[in-house]
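Observations on the three-dimensional arrangement
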Amino acid sequence: MRTTAILMVVIGHCVWIVPERDSFWHQLLVLSGFFGVEIFFVLSGFLIGKILYQLYLNSDFSLATVFYFLKRRWFRTLPNYFLVLVLNLLIASLVGYAALSWWKYFFFWQNLHTTMLPFFPESWSLSVEEFAYLILPFFLLISGVFIKPKNKSRFFLVSVIVLIVIFFGAKIGYHNTTQNTTLTQWNLSLKAVVIYRLDSIFIGVLCSWLFYQFELLWKKYQVLAMGIGTLLFFFQFFVIGYLGWGIETHPWLWNVMYLPLLSVAVACFLPFLSEWKSSHLFWEKPIVWLSKISYSMYLLHYSVILLLMKQYLSYDAQETLQIALFIFGYFSITLILSSLLYRFYELPLMNLRDKN
């Protein structure tokens, strides 16, 4: 699932390589990158939810427990992020690009409640994830001070549902206070803003609770759930377009319902994919390898690699062979540099984390 997500994001940014056309394939590239990030959100929530749920049940869940959880998450995410952020600042100075409000990026503040800044644009999703890592454990800790839970599993469930409702409600507030009639504005001021997207992560966390509490049903109805997810995708990507339910005529659908429905659709695939055992066939190793370097790929592929290639390498956008060679170079450099970053920086830091 992680491999699929990163490939969709990297392929999606090929839209900046191929000439823009009002065609099915061009739209498919745009949707690919968009959908890849949505997979990452739900999957991330599912995985950290499993970790946090076990910590919550099997410990006193004190401030020390929260810091233990955050330390492990930050060892996993922050070193790569800050390294590539500094690299982006150096590139911006090299190409003469003004990195406005660059300091906000060190605190994941660049898109907390306002439109995403243009510098290091792919970092918007990392802000969503980092705030989710903070909000959920501290919500459990602080609410537990005022409400002593008799059933910790049920309290975890209620807490997650409350958070989903809060950030779903933020989208209702956006809809009621914003005259949004274009997908461009929707993409910048809703889809990529932290306070409107945290419910996607928490829907994944909710699935982790279902995974532990209803293990037999999780396995029994995995194909049914995947079928429902497929129907939701079909509705969102084809039926809505066929019916002409654009944001101009159906803003409530787009501003409030579209993104949560997409998260639910992704979540419907978790039962099947989480039960998919190792195949021991030839495709297993490349899938595992890509999943391991996916975070490095996400950070490097666009603002570092593609931006510099577009800046210093020229090609004829009307020549298919030149476009193909450019895309081949883009993928090759992304895979090589991401492997090096993972092998010599990300992995040693994770090993250091596991020793402490």
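Residues numbered from 1 in each chain as written. Predicted model: local features only at pLDDT ≥ 70, side-chain atom pairs only at ≥ 80, totals over all residues. Heavy atoms only, no water.

**A word on the overall build of the protein chain**
Counting its regular elements, the protein chain contains 14 helices and zero strands. Counting from the amino terminus, helix and strand elements in the protein chain follow one another as α-α-α-α-α-α-α-α-α-α-α-α-α-α. Whereas a compact globule of 356 residues would reach a radius of gyration of roughly 21 Å, the protein chain reaches 21 Å, a difference of no more than 12%. With the C-alpha coordinates aligned to their principal axes, the bounding extent of the protein chain is approximately 65 × 55 × 50 Å. (Helix = DSSP H or I, 4+ residues; strand = E, 2+ residues; numbered from the N terminus. Rg over C-alpha atoms; globule rule 2.2 N^0.38 Å.)

**Here we look at the confidence of the model for the protein chain**
In this model, the protein chain carries an average pLDDT of 93, and 99% of its residues clear a pLDDT of 70 or more. Predicted confidence in the protein chain is weakest over helix H2 (residues 24–57), with a mean pLDDT of 92, and strongest over helix H7 (residues 194–213), with 98. (pLDDT = per-residue confidence, 0-100.)

**Some remarks on unusual backbone geometry**
For Ser101, which is not a glycine, the phi torsion comes out positive at approximately 50°. Of note, Ser101 is situated in the loop between helix H3 (63–95) and helix H4 (124–146).

**Describing the pattern of salt bridges**
Opposite charge on two side chains makes pairing possible when the charged atoms of those side chains draw close. Taken as a whole and judged by the stated rule, the model has six salt bridges. When the shortest N-O distance is used, the salt bridge between Asp199 and Lys171 registers 2.7 Å. With Asp199 in helix H7 and Lys171 in helix H5 (residues 152–177), the pair connects residues that are 28 residues apart, well separated along the chain. One exposure class covers both Asp199 and Lys171, and it is buried. (Salt bridge = Lys/Arg side-chain N within 4 Å of Asp/Glu carboxyl O. Buried < 20%, exposed > 50% of the residue type's maximum accessible area, 1.4 Å probe, protein only.)

**Points about the nonpolar core**
Counting residues in each nonpolar core, the largest one holds 106 residues, and the members touching the most others are Tyr81 and Phe202. Per element, the largest residue contribution to this core is 15 residues, and it comes from H2. (Core = buried A, V, L, I, M, F, W, Y, C linked by side-chain atoms within 4.5 Å.)

**Let's talk about the packing of aromatic side chains**
Counted by the stated rule, this structure contains 39 aromatic pairs. A ring pair is formed by Trp102 and Phe106, whose centres lie 6.0 Å apart and whose planes are at 80°; its orientation type is edge-to-face. When its relative accessible area of 45% is taken as the criterion, Trp102 is described as partly exposed. On the basis of relative accessible area, Phe106 is assigned to the partly exposed category, the value being 28%. Each ring, one from Tyr315 and one from Phe326, has its centre 4.5 Å from the other, and the planes form 40°; the classification is tilted. On the criterion of sequence distance, the pair formed by Tyr315 in the loop between helix H13 (294–312) and helix H14 (320–355) and Phe326 in helix H14 is long-range, its members being 11 residues apart. By relative accessible area, which is 6% here, Phe326 ends up buried. By the ring-pair criterion, three or more aromatic residues cluster together here, those being Phe46, Tyr53, Tyr56, Phe61, Phe156, Phe211, Tyr212 and Trp218. Cation over ring: Arg73 sits above Tyr133, and NZ or CZ is 5.0 Å from the ring centre. The lysine or arginine in question, Lys152, covers the ring of Tyr56, its NZ or CZ lying 4.8 Å from the ring centre. (Phe/Tyr/Trp six-rings, centres within 6.5 Å; stacked < 30°, edge-to-face > 60°. Lys NZ or Arg CZ within 6 Å of the ring centre and 35° of its normal.)

**Side note on the environment of Arg76**
Following the sequence through the fold, Arg76 ends up in helix H3. The sequence separation of Arg76 and Val264 amounts to 188 residues, and the corresponding C-alpha distance is 26 Å. Those residues in contact with Arg76, other than ones at most four positions away along the chain, are Tyr295, Glu346, Met350 and Arg353. Reaching out from Arg76, the side chain makes a polar contact with the side chain of Glu346 at a distance of 2.4 Å. (Contact = heavy atoms within 4.5 Å. Polar contact = N/O pair within 3.5 Å; in protein donor to acceptor, adjacent residues only side chain to side chain.)

**Focus on the side chain of Ser123**
Along the chain, Ser123 falls in the loop between H3 and H4. By relative accessible area, which is 0% here, Ser123 ends up buried.

**Examining the state of the cysteines**
For the structure shown, the criterion picks out zero disulfides. Of the cysteine sulfurs around Cys207, a residue in no disulfide, the closest is that of Cys268, at 7.8 Å. (Disulfide = S-S within 2.5 Å.)

**Some thoughts on the side chain of Thr77**
Secondary-structure assignment places Thr77 in helix H3. Sequence-distant contacts of Thr77, that is, excluding residues within four places in its chain, are made with Glu130, Tyr133 and Tyr295.

**Here we look at the packing of H3 against H4**
Relative orientation of the contacting elements H3 and H4 amounts to 175°, with a least axis distance of 10 Å. With respect to H4, the element H3 is oriented roughly antiparallel. Only Leu126, Glu130, Tyr133, Leu134, Pro137, Phe138 and Leu141 of H4 make contact with H3, whose side of the interface consists of Leu63, Val66, Phe67, Phe69, Leu70, Arg73, Trp74, Thr77, Leu78 and Tyr81. (Axes fitted to C-alpha atoms, helices over the stretch in contact; angles between N-to-C directions. Parallel < 35°, antiparallel > 145°, perpendicular 65-115°, else oblique.)

**Re a nonpolar patch on the surface**
A cluster of nonpolar side chains, namely Leu210, Phe214, Leu217, Tyr221, Leu224 and Ile228, defines an oily patch on the protein surface of about 530 Å² accessible area. By the element assignment, Tyr221 lies in the loop between helix H8 (215–220) and helix H9 (222–243). A relative accessible area of 39% places Tyr221 in the partly exposed class. (Patch = residues over 30% accessible without salt bridge, like charges linked within 9 Å, V, L, I, M, F, W, Y side chains within 5 Å. Areas by Shrake-Rupley, 256 points an atom, 1.4 Å probe, with all protein chains shown as cover.)

**With respect to the environment of Leu78**
Here Leu78 lies in helix H3. Since its relative accessible area comes to 17%, Leu78 is described here as buried. Taking the C-alpha atoms as reference points, Leu78 and Glu346, 268 residues apart in sequence, are found 9.9 Å from one another. When sequence neighbours within four positions are dropped, the list of residues in contact with Leu78 reads Phe108 and Glu130.

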